[in-house]
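Remarks on the overall topology
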Amino acid sequence: MNDLAPLVQDAEADFAAAALPAELEDAKARYLGKSGRITEQLKALGALAPDEKKARGAQINAAKQQVEALLNARRAALAQAELDAQLKAEALDVTLPGRRRGTGGLHPITRARMRIEEIFGSMGFDVADGPEIETDWYSFTALNNPENHPARSMQDTFYVDLKDADGGWLNLRPHTSPMQVRYARAHAARHAGAATMPDIRVIVPGRTYRVDSDATHSPMFHQVEGLWIGENVSFKDLKSLYLNFVQAYFETTDVELRFRPSYFPFTEPSAEIDVRFGSGPLEGRWLEISGSGQVHPQVVRNMGLDPERYIGFAFGSGIDRLAMLRYGISDLRLFFEGDLRFLAQFV
Ligand code: PHE
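The rules behind these values
Residues numbered from 1 in each chain as written. Predicted model: local features only at pLDDT ≥ 70, side-chain atom pairs only at ≥ 80, totals over all residues. Heavy atoms only, no water. Helix = DSSP H or I, 4+ residues; strand = E, 2+ residues; numbered from the N terminus. Buried < 20%, exposed > 50% of the residue type's maximum accessible area, 1.4 Å probe, protein only. Contact = heavy atoms within 4.5 Å. Areas by Shrake-Rupley, 256 points an atom, 1.4 Å probe, with all protein chains shown as cover. Lys, Arg positive; Asp, Glu negative; His and termini not counted. Charge placed at Lys NZ, Arg CZ, Asp CG, Glu CD. Axes fitted to C-alpha atoms, helices over the stretch in contact; angles between N-to-C directions. Parallel < 35°, antiparallel > 145°, perpendicular 65-115°, else oblique. Left-handed = near helix turned anticlockwise from the far one by under 90°. Nonpolar A, V, L, I, M, F, W, Y, C, P; charged D, E, K, R; others polar. 1 Å grid on protein atoms, 1.4 Å probe; cavity = no way out; pocket = protein on both sides within 12 Å on 5 of 7 lines; lining within 4 Å. Points joined across faces, edges and corners; volume = space filled by probe spheres on them. Near = heavy atom within 4 Å. Polar contact = N/O pair within 3.5 Å; in protein donor to acceptor, adjacent residues only side chain to side chain. Sits in = over half its atoms within 2 Å of the grid points. Pairing = 2+ DSSP bridges.

Helices and strands together make up the secondary structure of the protein chain, namely 11 helices and 10 strands. By its C-alpha atoms, the protein chain is 140 × 55 × 40 Å across when sized along the principal axes. Going through the 347 residues of the protein chain one by one, you find that 39% of them count as buried. Considering only residue pairs separated by 6 or more positions, the protein chain has 64% of its internal contacts joining residues 24 or more positions apart. Accessible area of the protein chain: about 19400 Å², with a carbon and sulfur share of 53%. The averaged location of the 47 negative side-chain charges in the protein chain is 5 Å from the averaged location of its 39 positive side-chain charges.

Here is the structure:
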């Protein structure tokens, strides 16, 4: 121990008080800098007698080494603290499972629609699209619906609070049948004046709306309209075409069709089409999938065609129903809830 011990103690305390590297460098200057306390001691050596110089010099150097050692220790401690803080702030748990980017998929209704389009497309049918907000004329009048027909009732149909140019109420189409007349008129106009008109063969898949909601009915649902008009198109063509479709759609020949007499104002005769599977979970049960019929002469006239010359059939099938049967789904509402646990099964 000598009189330099307090200096070393002061340095230790000062260094400890420095919380940041820059503060530590300031503290260092106070001891080892140009006019630092150690440096002052060394300068004072010059005034000593030669025999005193050596002993005092050794003392000062020892003190200087102690201060430098304290400084280095503090530097290392501060650097470590900084690293620890940084590691903590940027903590990365490499054992966590990665976040996957979810894969998108097609909705089962879209899949069913695409299948239907592909099958009818392969049989020579065009695929058309029509407006979901329809005029009264196309939804009802053109389809031979009498003014007071219940299909026009507010209980069944969503009306838009707007009238069209003819003064009829706009509606959310309650079926895809208005497209029979829209498409046929465009087709007839395109071939007006020609000696012969190619057959009209089209399907129209799309959204339809009715005031209806339970496990098998949704206010918004999907239909696919089919129309084949020509000079010699009969009900038997409908039967064979629809059987081919059903067999292709369900990928089985173990399926029967039944045409059950029914009524629609725009077809005569009219029939509901039922299917029955010979095996599987639905074996033996008749299931309704479509309305159909021979297009009514008045509707052919509204298409801009001569009913004495042109004849054909139409059908309107439930896409949701077709999707439910194909995928074995019992509640229609699952399609519209957007629950990924359900939807992911179709990806
Ligand atoms: N549009 C009818 C419905 O929605 C179905 C249908 C279409 C019937 C074409 C006959 C012909 O119930």
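Another point: the packing of helix 1 (residues 5-17) against helix 2 (residues 21-32). Following both chains from N to C, one finds helix 1 and helix 2 inclined at 165 degrees, their axes separated by 8 Å at the closest point. Compared by their axis directions, helix 1 and helix 2 come out roughly antiparallel. As for how helix 1 packs across helix 2, the hand of that crossing is right-handed. Contacts between helix 1 and helix 2 involve Leu 7, Asp 10, Ala 11, Asp 14, Phe 15 and Ala 17 from the former and Glu 23, Leu 24, Ala 27, Lys 28, Arg 30 and Tyr 31 from the latter. For the contact of helix 1 with helix 2, a count of residues per class yields 7 nonpolar, no polar and 5 charged.

Further remarks concern the layout of surface pockets. Taken as a whole, the largest pocket holds about 970 Å³ of empty space. Along the wall of the largest pocket there are 41 residues; nearest its centre are Pro 174, Arg 210, Phe 221, Gln 223 and Phe 264. Put simply, the parts of the chain that give the lining of the largest pocket at least two residues each are strand 6 (220-230), strand 7 (255-264), strand 8 (267-277), strand 9 (287-295), strand 10 (311-318) and helix 10 (319-327). Per-element tally for the lining of the largest pocket: the top contributor is strand 9, with 6 residues. Class assignment of the residues belonging to the lining of the largest pocket gives a composition of 14 nonpolar, 19 polar and 8 charged.

As a matter of local geometry, the ligand sits amid 14 residues, with His 175, Ser 177, Arg 210, Gln 223 and Gly 316 nearest to it. Arg 210 is positioned such that a nitrogen or oxygen atom in its side chain is 2.8 Å from an oxygen atom of the ligand. In the model, an oxygen atom of the ligand is placed 3.0 Å from a nitrogen or oxygen of the Gln 223 side chain. In isolation the ligand offers 320 Å² of accessible surface; the protein chains occlude 91% of this area. When atoms are counted within 2 Å of each cavity's grid points, the one that captures over half of the ligand is the largest pocket. Looking at the shell around the ligand residue by residue, the class counts come to 4 nonpolar, 8 polar and 2 charged.

With that settled, the discussion passes to the pairing of strand 5 (residues 200-209). Each regular strand displays side chains that alternate between the two surfaces of the sheet. With 8 of 10 residues buried, strand 5 lies mostly within the body of the structure. When strand 1 (residues 126-127) meets strand 5, the two strands line up parallel, connected through 2 bridges. What sits directly across from Asp 126, in strand 5, is Val 202. Alignment of strand 5 against strand 6, held across 10 bridges, turns out to be antiparallel. Bridging from a neighbouring strand, Arg 207 pairs with His 222 of strand 6.

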